[in-house]
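# Summary of structural features
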Amino acid sequence: MTRKITEITRRDILDSIFLEKINLYGRLEETAFLSRIWDLDSMPSYDGRFDNATGDIWQHTVNNYDWDDNWIFEDDRFNLMRGDDETLLRFLCETIHPVVRSDATECERLCQLYNNCLKNDGYEIIEKARISGKAMYVGRYIGTSVSPGINSAKELFSGTDVGYISQQITRMETAVNQDPELAIGTAKELIETCCKSILHECNVTFSGRDDLPKLVKKTVKQLELTPANIPNQSKAGDTIKRLLSNLATITQGIAELRNSYGTGHGKLNGNKGLQPRHAKLAVGAASTLSVFLAETHKVRGSKK
């Protein structure tokens with residue numbers, strides 16, 4: 001049994017459903033909805049008047065309607081609060097199936113609501129296919145780590161003197177799966193902030209009109225990129241400069257793509273925008289570049 005989705009996350013989902021007053025079963029009755037996932041006729045009844053779960057659920061949700069709206073989460077027969085992840089994800093996906101819920105906008109809103117909770121445990125619900133032009137969904141595990149470089153960046157920039165940089169890193173980490181465009185924009189801002197901070201400490205002037213490649217070039221110029229006692233120091237320095245320039249170009253390029261494929265005005269209908277994989281590339285490049293520049297600056301400062 002796979003159980004990475006914690007009870008805390010499951011409670012968060014339940015609380016969100018309650019606060020939003022969501023009818024989980026859409027246009028279906030409870031028994032019709034639940035029969036899409038479970039064989040109710042083979043499950044026991046909690047009401048002695050009926051032979052199986054089909055009978056007692058119908059009695060208390062349709063005929064009398066004397067159970068709480070969210071009774072399903074506390075019913076041990078379905079075990080949504082403590083059971084395996086796959087069952088919970090399938091249940092959530094069924095609540096936004098086009099047979100259950102016809103309004104595509106509402107389905108997307110509920111999907112976002114679920115994902116806001118699931119992301120903390122490394123899961124997300126995504127569109128897997130379309131039927132009659134409407135989306136069907138599936139849950140998948142994506143993991144909680146977003147980039148090899150981001151943990152190093154968080155560790156390096158954890159001091160109170162660089163609190164704003166820490167906020168940018170946290171924003172990237174949170175947004176990379178749920179809001180790729182925000183993560184990409186923040187990745188670009190991270191490099192800009194890092195470069196400007198270093199240039200300020202080096203008493204080097206820069207213009208507000210300087211773009212990202214220019215800021216990186218000015219910053220690199222101030223740093224000793226290679227140890228002084230290695231052979232072919234000049235050649236090694238040139239190679240490192242080229243690598244750093246490439247990282248900046250990746251981040252700048254993806255940020256420019258965001259402007260073309262984002263969600264702003266004038267985009268084509270059906271445009272999906274950039275995906276988490278694009279955001280992870282931008283975030284990884286920005287984190288790696290920022291960490292290298294900041295660490296080099298610290299080493300340079302310690303020698304003075």
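This is a predicted model, so every value here is computed, not measured. (Residues numbered from 1 in each chain as written. Predicted model: local features only at pLDDT ≥ 70, side-chain atom pairs only at ≥ 80, totals over all residues. Heavy atoms only, no water.)

## Considerations on the packing of aromatic side chains
Under the criterion given, the structure shown has 8 aromatic pairs. Between Trp38 and Phe91, the aromatic rings sit 6.4 Å apart at their centres with planes inclined by 45°, giving tilted as the arrangement. Separated by 53 residues along the polypeptide, Trp38 in the loop between α2 (30–34) and α3 (53–63) and Phe91 in helix α4 (residues 85–95) bring together distant segments of the chain. The exposure class assigned to Trp38 is buried, which follows from its relative accessible area of 14%. Members of the aromatic cluster, each reached through a chain of ring pairs, are Tyr25, Phe33, Trp38, Trp67, Trp71, Phe73, Phe78 and Phe91. The ring of Tyr141 has Lys4 lying over it, and the distance from NZ or CZ to the ring centre is 4.9 Å. Over the ring of Tyr46 we find Arg77, and its NZ or CZ is 3.9 Å from the ring centre. (Phe/Tyr/Trp six-rings, centres within 6.5 Å; stacked < 30°, edge-to-face > 60°. Helix = DSSP H or I, 4+ residues; strand = E, 2+ residues; numbered from the N terminus. Buried < 20%, exposed > 50% of the residue type's maximum accessible area, 1.4 Å probe, protein only. Lys NZ or Arg CZ within 6 Å of the ring centre and 35° of its normal.)

## Quick word on the confidence of the model for the protein chain
Summary statistics for the protein chain give a mean pLDDT of 82 and a share of 83% for residues scoring 70 or more. Segment residues 262–271 is flagged for pLDDT under 50; beyond a separation of four residues in sequence, or across chains, it makes 9 contacts in the model. (pLDDT = per-residue confidence, 0-100. Contact = heavy atoms within 4.5 Å.)

## Details of the packing of helix α1 (residues 7–20) against helix α5 (residues 104–118)
Orientation of α1 relative to α5, taken along the N-to-C sense of each, is 150°, at an axis distance of 9 Å. Where α1 crosses over α5, the two elements pack in a sense that is right-handed. In contact with Thr9, Asp12, Ile13, Ser16, Ile17 and Glu20 of α1, α5 contributes Arg109, Leu113, Tyr114, Cys117 and Leu118. Partitioning the contact of α1 with α5 into residue classes produces 6 nonpolar, 2 polar and 3 charged. (Axes fitted to C-alpha atoms, helices over the stretch in contact; angles between N-to-C directions. Left-handed = near helix turned anticlockwise from the far one by under 90°. Nonpolar A, V, L, I, M, F, W, Y, C, P; charged D, E, K, R; others polar.)

## A closer look at the pairing of strand β2 (residues 134–141)
With 8 bridges joining them, strand β1 (residues 123–131) and β2 adopt antiparallel strand pairing. Directly across from Ala129, in β2, lies its bridge partner Met136. Here β1 hands over to β2 after 2 residues, with Ser132 in that stretch at a positive phi of 55°. (Pairing = 2+ DSSP bridges.)

## Thoughts on the nonpolar core
Leu34, Ile72, Phe78, Phe91, Tyr114 and Ile125 are the most contacted members of the largest nonpolar core, which has 39 residues in total. Of all the secondary structure elements, the ones that give two or more residues to this core are α1, α2, α3, α4, α5, β1 and β2. Looking at this core, the element that brings in the most residues is α5, giving 7 residues. When near neighbours in sequence (up to four residues on either side) are disregarded, Ile72 contacts Leu24, Tyr25, Leu34, Phe78, Leu80 and Phe91. With 32 residues, the next largest nonpolar core counts Ile184, Leu199, Leu215 and Leu293 among its residues. (Core = buried A, V, L, I, M, F, W, Y, C linked by side-chain atoms within 4.5 Å.)

## Here we look at the pattern of salt bridges
Applying the stated criterion across every chain yields a total of 15 salt bridges. Close ionic contact of Arg109 with Glu20 constitutes a salt bridge, the shortest N to O distance being 3.3 Å. With Arg109 in helix α5 and Glu20 in helix α1, the pair connects residues that are 89 residues apart, well separated along the chain. Shared partners join several salt bridges into a network, and the residues in it are Glu7, Arg11, Glu74 and Arg82. (Salt bridge = Lys/Arg side-chain N within 4 Å of Asp/Glu carboxyl O.)

## Topic: the environment of Ile5
Mapped onto the elements of the fold, Ile5 is located in the segment before α1. Spatially, the C-alpha atom of Ile5 lies 8.3 Å from that of Asp84, the residues being 79 residues apart in sequence. Each residue touching Ile5, except ones within four places of it in the same chain, is listed here: Arg10, Asp85, Leu88, Leu89, Leu118, Asp121 and Tyr123.

## Details of the side chain of His60
Mapped onto the secondary structure, His60 falls in helix α3. Classification of His60 as buried rests on a relative accessible area of 11%. Beyond its immediate sequence surroundings of up to four residues, His60 is in contact with Asp47, Arg49, Tyr65, Asp66 and Trp67.

## Regarding the packing of helix α8 (residues 180–201) against helix α9 (residues 212–222)
For the pair α8 and α9, the least separation of the axes is 9 Å and the interaxial angle reads 40°. Our pair here, α8 against α9, has a crossing hand that is left-handed. Residues Lys188, Ile191, Glu192, Cys195, Lys196, Ile198 and Leu199 of α8 lie in contact with α9, whose contacting residues are Leu212, Leu215, Val216, Lys218, Thr219 and Gln222.

## Some remarks on the environment of Ala255
Positionally, Ala255 belongs in helix α10 (residues 233–261). Overall, Ala255 belongs to the buried group, its relative accessible area being 4%. Sequence spacing of Ala255 and Ala279 is 24 residues, and the spatial spacing of their C-alpha atoms is 9.4 Å.

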